[in-house]
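# Geometric and topological summary
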Amino acid sequence: MAEQAPVRDIRHDALAVFLGDWKADGTSYGGTDQSGDPKANGVPWTSTHTGRWHTGDFFLLQDERAKLDRAAVFDTLSIMGVDPDTGEYFVRSFENHGFYRHYDLTCDGNRWLLAGATEQAMIEFRDENRTQVISWEWKPGETWLPLCDRIAVRTD
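The notes below deal with the structure included here. Counting restarts for each chain, with residues numbered from 1 along the sequence as it is written. Local features in a predicted model are, by the rule used here, given only for residues with pLDDT of at least 70; side-chain atom pairs are given and counted only at 80 or more, and totals for whole chains, interfaces and linings are based on all residues. Hydrogens and waters are ignored; side-chain quantities use all the structure's heavy atoms.

## What to know about the nonpolar core
Nonpolar core, defined: a set of buried Ala, Val, Leu, Ile, Met, Phe, Trp, Tyr and Cys residues in which side-chain atoms within 4.5 Å join the residues together. A simple rule labels every residue: compare its accessible area, found with a 1.4 Å probe on the protein chains alone, to the largest value its type can have, and call it buried under 20%, exposed over 50%, or partly exposed in between. In this structure, Leu15, Phe18, Trp112, Leu114 and Trp136 are the most contacted members of the largest nonpolar core, which totals 28 residues. Ignoring sequence-local partners within four residues, the contact set of Trp136 consists of Tyr103, Leu114, Glu119, Gln120, Ala121, Leu145, Pro146, Leu147, Cys148, Asp149 and Arg150. A contact between two residues is defined here by any heavy atoms of the two lying within 4.5 Å.

Here it is as structure tokens:
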């Protein structure tokens, strides 16, 4: 039996909030000593990212180029979409150090939540969806710790 083609719907349309060109500034904590105040030793984060539809407008591609502490490179390519079997959002992320992540993605108004096994994030859209307030956490042991905080502003 032939597989039935997915149907694009309002869930796909909702992902459009991630489209465009963005510039972000913030602080990264994950590569620093977090044994005391987990935010005490943060380093500067700067990045640009672009969100665009893949052909067919079912999947959104996000390509990010980041620098931590003005030197360390951290680049990610993410694919966002709707799983046709479950109807749930997902994110698959690939980064330049060889790591691959799978996140469940949910939307609560203007907040998007990414939940993974060892990382999670909240992205809140503000200013008519031209600003993203982004907070990442990670779980290097038993406790969730701040990973990075940044604010991205749409530049296009």
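## Focus on the sheet that holds strand S5 (residues 89-95)
The 10 strands lie next to each other as S1-S2-S3-S4-S5-S6-S7-S8-S9-S10, forming a closed barrel whose pairing is antiparallel. Direction aside, the axes of adjacent strands within the sheet are offset by 20° on average. Taken together, the 9 bridges between strand S1 (residues 20-28) and strand S2 (residues 43-53) define a ladder with antiparallel strand orientation. Looking at S2, one finds that Thr27 is bridged to Pro44. Pairing between two strands is assigned when DSSP locates at least 2 bridges connecting them. The way it works is that DSSP assigns letters per residue, a run of H or I at least four long becomes a helix, a run of E at least two long becomes a strand, and they are numbered from the N terminus. With axes taken as lines fitted to C-alpha atoms, and helix axes fitted only over the stretch in contact, angles between N-to-C directions fall between 0 and 180 degrees.

## Notes on the environment of His102
Counting through the fold element by element, His102 comes out in strand S6 (residues 100-108). When its relative accessible area of 35% is taken as the criterion, His102 is described as partly exposed. Filtering out sequence-adjacent residues up to four positions away, His102 remains in contact with Phe90, Val91, Arg92, Ala115 and Gly116. For the purposes of these results, a polar contact is taken to be a pair of N or O atoms within 3.5 Å, where, inside protein, one atom must be able to donate a hydrogen and its partner to accept one; residues adjacent in sequence count only when each atom of the pair is a side-chain atom. Looking at His102, its side chain comes within polar contact range of the side chain of Arg92, at 2.6 Å.

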